[in-house]
Amino acid sequence: MKNTVTIIDNRTNKEYEFDIVDATRGPSVVDISTFYTQTGMFTYDNGYTSTASCKSDITFIDGTKGELRYRGIEISELAQKHSYLDVCYLLLNSKLPSEEELNDFDLELRHRAFLHEGLRHLFQAFPAGAHPMATLSAATAALSTFYYDHLNINNENDYQEMARRIIAKIPTIAAFAFRHSIGAPFIHPDIDRSFSENFLYMLRAYPGGKMHRNIKGENVIREIEIKALDTIFTLHADHEQNASTTTVRSVASTGAHPYVAISAGISALWGRAHGGANESVIAQLEMIGSVENVDSFIARVKDPNDSFRLMGFGHRVYKNFDPRAKILKELQDQLKKELVLDSHLMDIAHKIEEIALNDEYFIKRNLYPNIDFYSGVILTALKIPKSMFTPVFVIGRTVGWITQWIEFKKDKTMKIARPRQLYLGK
Ligand code: CMC
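Before going into details, it helps to say that this report is about the structure given with it. Quick caveat: nothing in here was measured; it's all calculated off a predicted structure.

Glancing now at the pattern of salt bridges. A complete count under the given rule lists 26 salt bridges for this structure. Put simply, Arg-193 and Glu-197 hold a salt bridge, and the shortest N to O gap is 2.9 Å. Judged by relative accessible area, Arg-193 falls into the buried class, the value being 11%. Judged by relative accessible area, Glu-197 falls into the buried class, the value being 17%. Lys-329 is the salt-bridge partner of Glu-353, the closest N and O atoms lying 3.5 Å from each other. Note that Glu-353 is positioned in helix α15 (residues 343–358) and Lys-329 in helix α14 (residues 323–338), a separation of 24 residues in sequence.

Following this line, the structure appears as structure tokens:
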């Protein structure tokens, strides 16, 4: 017998029945696709708090338990035992790579990291001081002009090639966007460097690929820095149907080019409520300025007449803890021994965390530190400028967006995203 939900219209006592579809993990859904045809009414769900927009087998979150899995594997296991490229391969292929598969994948990404010379010239058109997120979104859309003939691709191999290309090029575009914003010459990727190392290299190197050496004569890109950045990319790789992923899927649903869909995702991510929070957290800590000012700042956050929010706190799905934040907090503690972490900012952050975790306002609303609360201090220790925090999120998330795009394209039952409205006008 089918499981169903019955809805009664209390005005008429008429009953409507809808199927329940079970998930392999997490809550079942009620299939309301015939709701309008049956009842003549729409459903209303501001911010999609109760709406599943698609079927997916990529990423699973249990917000109550604080659980996050990519293709069934827990995030803590992936962060501890695997590289970011392992994770990219896993998301794209539903399995972890063998050594040989990983080598091929890595080599291909290194080769594809270079940008078309035409695209390089595009950066000159943007004003000096442009925020790297704006340039990154625009340059990613422009990438579709170089691969326009791929618009009508229709098979798995082409999808995968599209994916590998964008994953490889996004760090280069992001690094160029930054260097343009400060008027520094572009540094091309170095084929001999790994994915995460290359990004630090493109941000830090001098023309001709020369690198600073520290007082001991060691190369300044340290293994511990590469590993930390790699972990940050892993933690950001996918997060089911968040605002930017939903944007990518909506654009995909119209049949537009995948790279403009990713560009739209980048724009959606930029906002402070989403990926832009990582930049805002550090800006907020700097604004607070000292541990003594934390109390008055928390009072502002709690004031119902003040719209001020604590950046890096709260999450739509995690109502207990964000497992990514837990991993980053541990990473912060490990890095403390090896890198120079800004102890002044960390003291302010600790004080905020201590108050918030024990305060009725935050407890009642299930507001806990999220990934962005901890990532900023680590990124600062990696000498990544504040304006590049959200681009770092973009680099990590690109694999998630393109994997979700592929899933959308392969699911022939998916329709154009076209919500309805509750009309209250004249
Ligand atoms: N500081 C203070 N109060 C908050 C915060 C916060 N950061 N977040 C939520 N609240 C309060 C909010 O005022 C509301 O209170 P009340 O019930 O009295 O009106 C209640 O908590 C519920 O808030 P909401 O806006 O309905 O919750 P939401 O699930 O729609 O929003 C959120 C989730 C992440 C947008 C929100 O918590 C927020 O703005 N956080 C700060 C920005 C941030 O850190 N974003 C990064 C999210 S993690 C990275 C990512 O995946 O994007």
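Moving on, we get to the site of the ligand. Close to the ligand lie 20 residues; His-274, Arg-309, Leu-310, Gly-312 and Phe-313 are nearest. Separating a nitrogen atom of the ligand from a backbone N or O atom of Ala-273 is a distance of 3.0 Å. Separating an oxygen atom of the ligand from a side-chain N or O atom of Asn-370 is a distance of 2.9 Å. Protein burial of the ligand: of its 930 Å² of free accessible surface, 73% is covered by the chains. Classifying every residue of the shell around the ligand by side-chain character gives eight nonpolar, six polar and six charged.

Together, Tyr-44, Leu-422 and Leu-424 make up an exposed nonpolar region whose accessible area comes to about 420 Å². On the secondary structure map, Leu-424 appears in the segment after α18 (389–410). Overall, Leu-424 belongs to the exposed group, its relative accessible area being 73%.

Thresholds applied
Residues numbered from 1 in each chain as written. Predicted model: local features only at pLDDT ≥ 70, side-chain atom pairs only at ≥ 80, totals over all residues. Heavy atoms only, no water. Salt bridge = Lys/Arg side-chain N within 4 Å of Asp/Glu carboxyl O. Buried < 20%, exposed > 50% of the residue type's maximum accessible area, 1.4 Å probe, protein only. Helix = DSSP H or I, 4+ residues; strand = E, 2+ residues; numbered from the N terminus. Near = heavy atom within 4 Å. Polar contact = N/O pair within 3.5 Å; in protein donor to acceptor, adjacent residues only side chain to side chain. Areas by Shrake-Rupley, 256 points an atom, 1.4 Å probe, with all protein chains shown as cover. Nonpolar A, V, L, I, M, F, W, Y, C, P; charged D, E, K, R; others polar. Patch = residues over 30% accessible without salt bridge, like charges linked within 9 Å, V, L, I, M, F, W, Y side chains within 5 Å.

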